[in-house]
Amino acid sequence: MTAAARNEPPVALRRLLPDAGTLTADELVAELRPWEHAPARRPHVAVNMVHTTDGRAALEGRTAPISSVADRQLFHALRTRVDAVMVGAGTLRIERYGRIVRDAARREQRRMAGLEPDPLAIVVSGSLDLPVDLPLLQDPDSRVVIVTASQRSLDGARAEVEYLRLVPVDLAVALAQLRSAYGVRAILCEGGPHLNASLVAAGLIDELFLTTFPVIAGGPGALTIMDAAVLETPPVLTLRWLLEHRGELFARYALGER
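(A) Examining the pattern of salt bridges more closely. On inspection of all chains with the given rule, the structure shows 17 salt bridges. Its salt-bridge partner being R15, residue D19 comes within 3.0 Å of it at the nearest N-O pair. On the basis of relative accessible area, D19 is assigned to the partly exposed category, the value being 41%. Given the relative accessible area of 16%, R15 is considered buried. Taken together, the salt bridges that share partners define one network made up of E31, E207, R240 and R252.

This is how it looks when you write it as structure tokens:
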């Protein structure tokens, strides 16, 4: 949903790097053409996450308490620049995803960028433990590909649902097939942390968009944006941009570049 649809005027973000300026979320992402940077055999993969200043990826199991108007506007703007949006089953259930781009103005932005009006929704669910009443699965305008190890199918979905069955689920193979069979050149992954951890451990993340919400949450057993990823060689991050609004920071990193 656009800022206008929520009666939220576009937020002016103060750009600190690479050069000073003031931009809205739509102006900021207008330069992004991730499909031009896709590797030969898989899509370009960018992860978009929010966390608290002390690194918690959620409060009381949800991201809403650490989301602002500015973060929501960037969240939806980023969806206009990719072929597909990927999410793990747990995040899909908790956040109750619906149609990925609900606002007509956003769909028009996608058309103007040469993309399909609605991005493909990719759901990673090894066991296919998904309630069919999820808004995304009940939306007749949505096209969904479920990456799963299960041989079952969902009954009663109104969305167009296809299955990419891999036993076991191998994200590198899944991405290669999404590129070759579905023409997906650029993916925005919105978590959750378990899916992020699997992607980063396999060396499959190209960029990270990270919002730092200015609050210290505390609490034991804090879940981070990468869960408990075990990394033999931690990827190098290169800061591509940094913006600020009311103490909230919006960073874009490239992974693996020096």
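(B) Spotlight on a nonpolar patch on the surface. Nonpolar side chains collect at one region of the surface, where L16, L17, L239 and L249 lie side by side and expose about 280 Å² of accessible area between them. Along the polypeptide, L17 turns up in strand β1 (residues 13-17). For L17, a relative accessible area of 37% corresponds to the partly exposed category.

(C) Local environment of unusual backbone geometry. Cis geometry is adopted by the peptide bond preceding P18, which originates at L17 and carries an omega value of 5°. In this fold, P18 is placed in the loop between β1 and β2 (21-23). V167 connects to P168 through a cis peptide bond whose omega is -10°. Residue R96 is not a glycine yet carries a positive backbone phi of 55°. Looking at where R96 falls in the secondary structure, it is placed in the loop between α3 (89-95) and α4 (104-112). Of note, L128 is a non-glycine position whose phi angle comes to about 60°, a positive value. Topologically, L128 is positioned in the loop between β5 (120-124) and β6 (143-148). For L128, a relative accessible area of 1% puts it in the buried group.

Rules and cut-offs
Residues numbered from 1 in each chain as written. Predicted model: local features only at pLDDT ≥ 70, side-chain atom pairs only at ≥ 80, totals over all residues. Heavy atoms only, no water. Salt bridge = Lys/Arg side-chain N within 4 Å of Asp/Glu carboxyl O. Buried < 20%, exposed > 50% of the residue type's maximum accessible area, 1.4 Å probe, protein only. Patch = residues over 30% accessible without salt bridge, like charges linked within 9 Å, V, L, I, M, F, W, Y side chains within 5 Å. Areas by Shrake-Rupley, 256 points an atom, 1.4 Å probe, with all protein chains shown as cover. Helix = DSSP H or I, 4+ residues; strand = E, 2+ residues; numbered from the N terminus.

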